Amino acid sequence: IITGLYFFASGAFLYSGGGVENICKAAACRAVRRVYLALKRFLNVFITFPGNTRETPSKRASMQLYYYAEFPNVIGAVDCSQIAIKAPSEPNQADFVNRKSFHTINVQVLMTLSLT
């Protein structure tokens, strides 16, 4: 994945992208092809061109939120919260102590207007 993304981000030749991970040119070529095919599956979901009127899931979510709350070009909201828990008996229980000195876990949620 790193080799393929490096190739697309840098626009360099395969041997320079393969050199980052110390792999041969053939393996770098296969990696770039696999990443390309994986990205291609999302082409119609995330990439739109000017004048294209087809409805994508992100465009539909943006329009719903605009009609509901008049927020333009927003597809959802992110919220975080600290949820109190009992102190774990694990050796790494100190990882769950927050800045106020009690045990919590951090929960992050992304929501759209349709709650999906």
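Conventions adopted
- Residues numbered from 1 in each chain as written.
- Predicted model: local features only at pLDDT ≥ 70, side-chain atom pairs only at ≥ 80, totals over all residues.
- Heavy atoms only, no water.
- Helix = DSSP H or I, 4+ residues; strand = E, 2+ residues; numbered from the N terminus.
- Contact = heavy atoms within 4.5 Å.
- Areas by Shrake-Rupley, 256 points an atom, 1.4 Å probe, with all protein chains shown as cover.
- Patch = residues over 30% accessible without salt bridge, like charges linked within 9 Å, V, L, I, M, F, W, Y side chains within 5 Å.
- Salt bridge = Lys/Arg side-chain N within 4 Å of Asp/Glu carboxyl O.
- Buried < 20%, exposed > 50% of the residue type's maximum accessible area, 1.4 Å probe, protein only.

For the overall build of the chain, give the residues involved together with the corresponding values.
Scanning the chain from terminus to terminus reveals five helices and two strands. In sequence order, the chain lays out its α and β elements as α-α-α-α-α-β-β. Residue pairs in contact within the chain that sit at least 24 positions apart in sequence constitute 39% of those at least 6 positions apart. On the chain, roughly 9500 Å² of surface is accessible, and the fraction owed to carbon and sulfur atoms is 61%.

Outline a nonpolar patch on the surface, supporting the account with residue identities and numerical values.
The grouping of Ile1, Leu5, Phe8, Tyr36, Leu37 and Leu39 at the surface amounts to a nonpolar patch, some 610 Å² of accessible area in total. Of all the secondary-structure elements, those providing two or more residues to the nonpolar patch are α1 (2–10) and α3 (25–40). The leading source of residues in the nonpolar patch is α3, at three residues. Topologically, Ile1 is positioned in the segment before α1.

If you had to explain unusual backbone geometry to someone new, which residues and values would you point to?
Despite not being glycine, Asn73 shows a phi value in the positive range, around 60 degrees. Of note, Asn73 is situated in the loop between α5 (57–69) and β1 (77–84). One non-glycine residue, Ser101, adopts positive backbone phi at about 70 degrees. The class for Ser101 is exposed, based on a relative accessible area of 62%.

Quick rundown of the side chain of His103? Include the residues and the values.
Relative to the assigned elements, His103 resides in the loop between β1 and β2 (104–111). Residue contacts for His103: discarding those within four places in its chain leaves Ile83, Ala84, Ile85, Ala87, Pro88, Gln93, Phe96 and Val97.

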